[in-house]
Amino acid sequence: MRKMTYAQGIKEGMRIKMLENPDVFIFGEDVGQFGGCFGVTAGMYDEFGEKRIRDTPISEGAIIGAAVGSAAAGLRPIAELMFIDFTTVGMDQLVNQAAKMRYMFGGKITLPMVVRLPAGAGVRAAAQHSQSLEAWLTHVPGLKVVYPSSPQDAIGMMMTAIDDDNPVMFIEHKVLYGLTGEVEDEVKPIPFGKANIKKEGNDVTIVTYGKQVYDALKAAETLAKDDIDVEVIDLRSLYPLDKETVFKSIEKTHKVVLVSEETKRGAFTGELAAMIAEECFFECDAPITRVGALNCPIPFSPVLEDYVIPGEKEIVEAVKSLF
Amino acid sequence: MKISNDLVVGMYQKMLKIRKFETKAMNLFAEGKIPGFVHLYLGEEAVATGACANLNDDDYITSTHRGHGHIIAKGGDLKYMMAELFGKETGYCKGKGGSMHIADATKGILGANGIVGAGHNIAVGAGLAAQYRGSQQVCVCFFGDGSTNQSTFHEGLNLASIWKLPVVFVCENNGYGISLSQEKHQNITDISMRAVSYNIPGVTVDGNDVFAVYEAVNEAVSRARKGQGPTLIECKTYRHRGHFEGDPTTYRSTEEVEQWKKKDPIPRIEKYMVDNKVLRDDEIKALHDEIEKQVEEATKFALDSKDPDVASAVEDVYTDIVEEAR
């Protein structure tokens, strides 16, 4: 075992695949000598050179579009958007091009591209640099959407993302970049659509992903003091989705709390709730409950931001409300 | 520039193929046989033909909503095209794309596109792939005057220029962005002047003169293959029909349409061939008959083809996931 940060894990996944396959290359804003806004690609410019680690102008439409075109032409691009909030500027290329090209062309083309999307609040970056927009992406058929929570998952899921022949939206929580974790010496790709049970428990299931995995684990410790035995599931991949692990857990605990950092209205957790209601309703003996951010933009003031986004406290309250 | 007789005849055949295919599509649409929207390329045949005559099979193109001409010029098969217009399972896209999304990756055709301006950046990506592999391939990006007001035009040309990508930007300036005339949608007359902003060559040519288009694109392709970067070529042309079939075209006068029909690219190349003894009238007539027959065969192929199985609707979304059927 060795230790590395979440950011280093993402980099390690990319490095492994770049050493293996010359068709894999990276481009985005300031990813070159500068090493990326969050330092994820630090050192890669020196290792791989400017052909494979390319700085682009501030031009999100061109970044995603160039990924679509170069993937359609047979390469395996990794495009970095500095913040997931900037997908708005390149949304046509994601939604109308990347997601639909294979389908519109009758399955006669593949688009092996990864778009890296730093997301989430907690770094005092205010309304345009703090959003959790995964629901926009999971809504669009043709995109895969994944969200690793640990350095180990970051490596393995990045390897899988690069090998995937479909457009993969690789969401990274900014607060996790500095998080250190243990990583196996021999890393393997982690298949999409396999959730990870982070903590087993019998009384209630918390389904979450990304940074909230850690908030949920802390909440589970607190709740243990009240004799509530929590199971915490890290979805890891939002689409494809591991329904089986979620349903199996609910069949055991009969209670479920869905947690994300998204603005609650229209959140991906709403989709999860609907899915559970449709397919697993009779296993639930309490309301399907959601925890999310308040329905306002993410504010700047630390006091306001901490109030708006959910954390351990909100999760504990939601769980307790079921007992 | 000397253009061989073989090339002249080859280009003429392509233009005629486009003209007859589009005329047939127009009639079939009027008869209510083709569903959806159809945007015809009638009148603009010289642009796609003159440009694609410079390309190899493995060169790329990106196209537009008005894409039939580009696909034919790049070597698309009339049968699979017509079947796609009918939404049949034998169509290029198995009936999932229709007129606005015909593609054939085996011919480097990265698709017609229903979003105005979406092709610029995709073309940049294809050019990037060619440069990355050192393959000498080029990408021709076709787009209309309307799309040059989209941010993608600027983003695409800027990135192509700084990375010196092998992309030839071919603007089909037909004078209208849907119903809005050029003078109402931009404050310039010659779109090629925008090349200055990217420090790349920009030229305007008569888009109804297939030789002029061929020569301009020839030079641009040769620059691109040598690693000298992109070129912006504006081809002034005109669509004989409305933006889409069914468009009442109240925004332009009959006189204007008639003026442009006098510059119709097809009689022009026919006159050139007869004057220069490339083909005789009877040979031209024979080609008309031959291509007419091909279009009729394509139409029969489409009509005889089956509708897609409804369960196929959930296939081809991903390479490895089949979505749930109803």
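Residues numbered from 1 in each chain as written. Chains lettered and ligands numbered in written order. Predicted model: local features only at pLDDT ≥ 70, side-chain atom pairs only at ≥ 80, totals over all residues. Heavy atoms only, no water.

Novice: Looking at this model, I keep getting lost on the overall build of chain A. Mind explaining?
Specialist: What chain A contains, in helices and strands, is 12 helices and 14 strands. If you line up chain A on its principal axes, its C-alpha atoms span 60 × 40 × 40 Å. Here chain A holds 323 residues, and the buried ones make up 62% of them. In chain A, of all internal contacts separated by at least 6 residues, the share reaching a separation of at least 24 is 81%. Roughly 12000 Å² of accessible area belongs to chain A as shown, and the carbon and sulfur atoms make up 53% of that amount. Side-chain charges of chain A comprise 33 positive and 47 negative groups, with the mean position of each set lying 2 Å from the other. (Helix = DSSP H or I, 4+ residues; strand = E, 2+ residues; numbered from the N terminus. Buried < 20%, exposed > 50% of the residue type's maximum accessible area, 1.4 Å probe, protein only. Contact = heavy atoms within 4.5 Å. Areas by Shrake-Rupley, 256 points an atom, 1.4 Å probe, with all protein chains shown as cover. Lys, Arg positive; Asp, Glu negative; His and termini not counted. Charge placed at Lys NZ, Arg CZ, Asp CG, Glu CD.)

Novice: Teacher, can you tell me more about the interface of chain A and chain B here?
Specialist: Interfaces are often sized by the accessible area lost when the parts come together. With 49 residues of chain A at the contact, the number on the chain B side is 41 residues. At the boundary of chain A with chain B, the tally comes to one salt bridge. A salt bridge links K144(A) to D320(B), with the shortest nitrogen-to-oxygen separation between them at 2.8 Å. Mapped by element, the contributors of at least two residues to the side of chain A that touches chain B are β2 (24-28), β3 (53-55), α3 (60-72), α4 (91-98) and α5 (101-104) of chain A. Of the residues forming the side of chain A that touches chain B, the biggest block, nine residues, is contributed by α3(A). The class makeup of the residues in the side of chain A that touches chain B is 21 nonpolar, 15 polar and 13 charged. (Salt bridge = Lys/Arg side-chain N within 4 Å of Asp/Glu carboxyl O. Nonpolar A, V, L, I, M, F, W, Y, C, P; charged D, E, K, R; others polar.)

Novice: Can you walk me through the sheet that holds strand β1 (residues 60-62) of chain B in this structure?
Specialist: Backbone hydrogen bonds are what pair the strands of a sheet, in a parallel or an antiparallel way. All names here are of chain B. Reading across from one edge, β1-β2-β3-β7-β6 is the order of the five strands in this open sheet, with parallel pairing throughout. Each edge of the sheet is formed by a strand with only one pairing partner; in this case those strands are β1 and β6 (202-206). On average, each strand axis in the sheet is inclined to that of its neighbour by 20°, with strand direction left out of account. The sheet contact formed by strand β3 (residues 167-173) and strand β7 (residues 231-236) spans six bridges and is parallel. What sits directly across from V168, in β7, is T231. Along the sheet, helix α6 (residues 151-162) contacts β2 (139-144), β3 and β7; its crossing angle with β3, the most-contacted strand, is approximately 150°. (Pairing = 2+ DSSP bridges. Axes fitted to C-alpha atoms, helices over the stretch in contact; angles between N-to-C directions.)

Novice: I keep staring at a negative patch on the surface and nothing clicks. Help me out?
Specialist: Together, E89(B), D307(B), D309(B) and E315(B) make up a negatively charged patch on the protein surface. Relative to the helices and strands, E89(B) resides in the loop between α4 (78-85) and α5 (119-133). (Patch = residues over 30% accessible without salt bridge, like charges linked within 9 Å, V, L, I, M, F, W, Y side chains within 5 Å.)

Novice: When you look at the packing of α5(B) against α6(B) in this model, what are you seeing that I'm missing?
Specialist: Residue and element names in this part refer to chain B. Contact geometry for α5 and α6: axes closest at 8 Å, N-to-C directions at 20°. One element, α5, and the other, α6, form an angle in the roughly parallel class. Read as a crossing pair, α5 and α6 show a hand that is left-handed. Contacts between α5 and α6 involve H120, N121 and V124 on the former and, on the latter, T152, F153, E155, G156, L159 and A160. When grouped by side-chain class, the residues that make up the contact of α5 with α6 number four nonpolar, four polar and one charged. (Parallel < 35°, antiparallel > 145°, perpendicular 65-115°, else oblique. Left-handed = near helix turned anticlockwise from the far one by under 90°.)

Novice: Sorry, what's going on with the pairing of β2(B) here?
Specialist: Residues in a regular strand project their side chains so that they alternate between the two faces of the sheet. Residue and element names in this part refer to chain B. With five of six residues buried, β2 is to be regarded as a mostly interior element. Here β1 runs beside β2; their pairing, made up of three bridges, is parallel. Considered in β2, the bridge of I61 is made with V140. Strand direction decides the pairing type here: β2 and β3, joined by six bridges, are parallel. Bridged to G144 within β3 is E172. In this region the chain leaves β2, passes through α6 and returns to the parallel neighbour β3; the handedness of that crossover is right-handed. (Right-handed = clockwise from strand over helix to strand, strands pointing away.)

Novice: What exactly am I supposed to notice about helix α1 (residues 6-20) of chain A here?
Specialist: Because an α-helix completes one turn every 3.6 residues, residues spaced three or four positions apart along the sequence face the same direction. Residues and elements named next belong to chain A. With 15 residues, α1 extends 22 Å from end C-alpha to end C-alpha; this agrees with the ideal 21 Å at 1.5 Å per step. By the criterion of burial, α1 is predominantly enclosed, with 11 of the 15 residues buried. All of the buried residues in α1 are Y6, A7, G9, I10, K11, E12, G13, M14, I16, K17 and M18. (Expected span 1.5 Å × (residues − 1).)

Novice: Teacher, can you tell me more about the nonpolar core here?
Specialist: Where a protein is soluble and globular, its nonpolar side chains tend to be buried together. If you look at the biggest cluster of nonpolar residues, it comprises 84 residues, and the most contacted ones within it are F27(A), L137(A), L235(A), I276(A) and F169(B). Top element by residues in this core is α3(A). It accounts for eight residues. Excluding anything up to four places from it in sequence, F169(B) contacts H120(B), V124(B), C141(B), F143(B), G156(B), L157(B), A160(B), P230(B), T231(B), L232(B) and I233(B). Grouped together as the second largest cluster of nonpolar side chains are 66 residues, Y12(B), A48(B), I233(B) and A298(B) included. (Core = buried A, V, L, I, M, F, W, Y, C linked by side-chain atoms within 4.5 Å.)

Novice: Can you walk me through the sheet that holds strand β13 (residues 256-263) of chain A in this structure?
Specialist: Residue and element names in this part refer to chain A. Judged by pairing direction, the sheet is mixed, and its five strands sit side by side in the order β9-β11-β10-β13-β14 without closing on themselves. The outermost strands of the open sheet, each flanked by one partner alone, are β9 (196-199) and β14 (289-293). Pairwise comparison of adjacent strand axes, ignoring direction, gives a mean angle of 25° for this sheet. Here strand β10 (residues 204-208) pairs with strand β11 (residues 230-234) via five bridges, running parallel.

Novice: Can you walk me through unusual backbone geometry in this structure?
Specialist: Most peptide bonds adopt trans geometry, and most residues besides glycine take a negative phi value. With an omega of 5°, the peptide bond running from Y239(A) to P240(A) counts as cis. Relative to the assigned elements, P240(A) resides in the loop between β12 (237-239) and α9 (243-253). Of note, the phi angle at D227(A) is positive, near 60°, even though the residue is not glycine. Note that D227(A) resides in the loop between α8 (212-224) and β11. Overall, the relative accessible area of 68% leaves D227(A) in the exposed class. Phi is positive for I178(B), which is not a glycine, with a value near 55°. With respect to the element layout, I178(B) can be found in the loop between β4 (176-177) and β5 (180-181).

Novice: What is the right way to read helix α8 (residues 210-225) of chain B from this model?
Specialist: All names here are of chain B. Taking 1.5 Å as the rise per residue, α8 with 16 residues should run 22 Å; its terminal C-alpha atoms sit 22 Å apart, in good agreement. For α8, the set of buried residues is V210, F211, A212, V213, Y214, A216, V217, A220, V221, R223 and A224. Contacts from the buried residues of α8 go to α1 (5-30), α2 (45-52), β3, β6, β7 and α10 (265-275). The first or second residue beyond α8 is G227, which carries a positive phi of 80°.

Novice: I would appreciate a short explanation of the environment of E44(B) in the present structure.
Specialist: All names here are of chain B. In this structure, E44 sits in the loop between α1 and α2. Judged by relative accessible area, which is 1%, E44 ranks as buried. In the structure, E44 is positioned 163 residues away from G207 in sequence and 7.3 Å away in space, judged by C-alpha atoms. Not counting chain neighbours up to four residues away, the residues in contact with E44 comprise R66, E172, N174, T237, Y238 and R239.

Novice: Got a minute to help me understand the pairing of β2(A) in this structure?
Specialist: Residues and elements named next belong to chain A. Burial runs high along β2: five of the five residues are buried. Residues V24, I26 and G28 line one face of β2 and the alternating positions F25 and F27 line the opposite face, and both faces are buried. Examined bridge by bridge, β2 and strand β4 (residues 76-80) share five bridges and lie parallel to one another. The residue of β4 that forms the bridge with F25 is P77. For β2 and β3, the ladder comprises three bridges, and the chain directions are parallel.

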